[in-house]
Amino acid sequence: MKRIGVLTSGGDSPGMNAAIRAVVRKAIFHGLEVYGINYGYAGLIAGDIHKMELGSVGDIIHRGGTMLYTARCEEFKTLEGQQKGIEQLKKFGIEGLVVIGGDGSFQGAKKLTEHGFPTIGVPGTIDNDIPGTDFTIGFDTALNTIIEAIDKIRDTATSHERTYVIEVMGRHAGDLALWAGLADGAETILIPEADYDMDQIVNRLKRGQERGKKHSIIIVAEGVGNGFSFGKEISDATNMETRVTVLGHIQRGGSPTASDRVLASRLGAKAVDLLIDGKAGVTVGIQKNELVYHGIEEVLSQKHEVNLDMYKLSQELSI
Ligand code: ADP
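- An unreviewed UniProt entry annotates the protein as ATP-dependent 6-phosphofructokinase of Alkalihalobacillus alcalophilus ATCC 27647 = CGMCC 1.3604.
- Its UniProt record gives the protein a comment under Subunit (unreviewed entry), which states: "Homotetramer."
- Recorded in UniProt under Pathway (unreviewed entry), the annotation for the protein is "Carbohydrate degradation; glycolysis; D-glyceraldehyde 3-phosphate and glycerone phosphate from D-glucose: step 3/4."

**Overview of the UniProt feature "active site" (unreviewed entry) in the protein**
Now for step 1: Listed under "active site" (unreviewed entry) in the UniProt record, and renumbered for this structure, are D127.
Now for step 2: Mapped onto the elements, D127 comes out in the loop between β5 (119-123) and α5 (139-160).
Now for step 3: Here D127 is in contact with F139, G170, A173, D175 and L176, once residues within four sequence places are set aside.

**Thoughts on the pattern of salt bridges**
Now for step 1: A full pass over the atoms with the stated rule returns 16 salt bridges.
Now for step 2: Note that R3 is salt-bridged to E33, the shortest N-O span being 2.7 Å. Pair noted here: R3 is in strand β1 (residues 3-8) and E33 is in strand β2 (residues 33-37), with a separation of 30 residues, a long-range link.
Now for step 3: A relative accessible area of 23% places R3 in the partly exposed class.
Now for step 4: Between E241 and R162 there is a salt bridge, with its nearest N and O atoms 3.2 Å apart. Of the two residues, E241 is situated in the loop between α8 (227-238) and β9 (242-246) and R162 in the loop between α5 and β6 (163-168); the sequence distance between them amounts to 79 residues.
Now for step 5: Given a relative accessible area of 38%, E241 falls into the partly exposed group.

How each quantity is defined
Residues numbered from 1 in each chain as written. Predicted model: local features only at pLDDT ≥ 70, side-chain atom pairs only at ≥ 80, totals over all residues. Heavy atoms only, no water. UniProt positions renumbered as here; feature names shortened; annotations may be inferred. Helix = DSSP H or I, 4+ residues; strand = E, 2+ residues; numbered from the N terminus. Contact = heavy atoms within 4.5 Å. Salt bridge = Lys/Arg side-chain N within 4 Å of Asp/Glu carboxyl O. Buried < 20%, exposed > 50% of the residue type's maximum accessible area, 1.4 Å probe, protein only.

Okay, structure coming up:
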């Protein structure tokens with residue numbers, strides 16, 4: 001293998017830049033040439049491809065977002081789109097590709113592999129919802145952004161003795177809500193993976209109020225439902241003054257945490273090692289602090305599991 005490509009696709013996440021940097025530097029370290037593909041699969045089809053040098057990835061390790069930009073591309077879901085992409089890769093003499101993104105992007109990587117093009121997936125998403133890795137690039141940063149926001153909300157919640165409902169990202173995975181809730185001592189955490197009982201939530205809030213609790217924090221993953229509807233339901237049922245904050249896209253931005261930078265550097269470099277070793281059709285990950293890789297097909301056929309022991313613990317700690 002003499003020349004590889006790298007792209008970021010789907011939703012961006014903090015740390016993607018650190019992963020791009022690792023791919024470029026590790027490849028050049030091993031004497032390969034690296035081409036960056038802008039705008040994910042859309043840029044691949046369009047041939048928006050350029051050579052990257054050591055200096056191309058200078059001064060980006062600490063920046064959120066992705067210097068290669070990202071996009072969603074319906075055309076790449078078609079065979080014709082995939083063939084156009086492969087033609088471009090061949091035109092530029094690229095022999096292997098690193099795709100940094102979430103499970104949608106991995107579907108595209110799987111298709112490239114099925115068409116015989118060596119592709120490696122690097123998990124970049126704030127949702128932490130990719131099987132085969134304990135953590136995805138961006139999760140830790142998003143989590144810390146949420147914590148910082150909740151700490152601030154907590155100050156005003158205490159001053160005004162209010163109940164706060166905070167909606168965080170996570171359409172299908174409750175990891176952000178669960179970890180943030182546990183880290184911030186939330187009274188209630190609602191995640192898509194677990195049923196909830198509104199009567200129980202209301203009773204817990206009332207018990208807290210009777211004990212003289214000054215505020216309550218309820219964290220809702222967006223996949224469970226709309227934060228504003230929960231806020232209304234709770235204020236109707238408890239008569240407590242309730243406010244709702246939807247954190248939205250601030251969760252996707254910002255300078256990556258040290259943990260995400262290190263994870264991205266390790267996973268990006270591992271992807272290059274695997275391509276050099278002739279591996280293809282795999283995704284990289286970290287499990288029990290060891291770098292691992294799994295077949296992309298296997299990863300996509302599994303369902304991400306939230307840590308239900310942690311969920312139980314959060315309930316035990318918020319009696
Ligand atoms: P994420 O990677 O963050 O989960 P998306 O689900 O939006 O983001 O997927 C990103 C892109 O991956 C899509 O816009 C499309 O180009 C490509 N993709 C998704 N699913 C498929 C598929 N089944 N086949 C080929 N490409 C796909």
